[in-house]
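Here's the letter readout for the chains.
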Amino acid sequence: MDKTKKKLLLASMISAGAAVLTATYRKLQKETIKYIEITDKKNSKMDQDK
């Protein structure tokens, strides 16, 4: 493989890796927000019951 192909392959791998990390990060953010919303709802119900 010549240098140009190696560089292209490396750039493609880095780009794909970044895409996977970004997708994972966004998924975790959504799950975290849902958890926070559920926790807030539970806490507000507990406060109303007092």
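Residues numbered from 1 in each chain as written. Predicted model: local features only at pLDDT ≥ 70, side-chain atom pairs only at ≥ 80, totals over all residues. Heavy atoms only, no water.

J.: How should I be thinking about the overall build of the protein in this particular structure?
T.: Each helix and strand counted, the protein has one helix and zero strands in total. The globule rule puts the C-alpha radius of gyration for 50 residues at 10 Å, and the 22 Å found for the protein is more than 25% above it. Referenced to the eigenvectors of the C-alpha coordinate spread, the extents of the protein come out at roughly 70 × 5 × 5 Å. When the accessible surface of the protein is summed, it comes to about 5100 Å², and 63% of that surface belongs to carbon and sulfur atoms. Looking at charge distribution, the protein has the averaged site of its 12 positive side-chain charges lying 13 Å from that of its 6 negative ones. (Helix = DSSP H or I, 4+ residues; strand = E, 2+ residues; numbered from the N terminus. Rg over C-alpha atoms; globule rule 2.2 N^0.38 Å. Areas by Shrake-Rupley, 256 points an atom, 1.4 Å probe, with all protein chains shown as cover. Lys, Arg positive; Asp, Glu negative; His and termini not counted. Charge placed at Lys NZ, Arg CZ, Asp CG, Glu CD.)

J.: Which parts of the structure should I look at to understand the environment of Lys27?
T.: As for its placement among the helices and strands, Lys27 is situated in helix α1 (residues 3–49). A relative accessible area of 54% places Lys27 in the exposed class. Sequence-wise, Lys27 and Asp2 are 25 residues apart; in three dimensions their C-alpha atoms are separated by 38 Å. (Buried < 20%, exposed > 50% of the residue type's maximum accessible area, 1.4 Å probe, protein only.)

J.: Explain a nonpolar patch on the surface to me, please; I cannot follow it from the model alone.
T.: Taken together, the side chains of Met1, Leu9 and Met13 define a hydrophobic patch exposed on the protein surface, amounting to about 360 Å² of accessible area. Within the element layout of this structure, Met1 appears in the segment before α1. Exposure remark for Met1: the relative accessible area of 68% places this residue in the exposed category. (Patch = residues over 30% accessible without salt bridge, like charges linked within 9 Å, V, L, I, M, F, W, Y side chains within 5 Å. Salt bridge = Lys/Arg side-chain N within 4 Å of Asp/Glu carboxyl O.)

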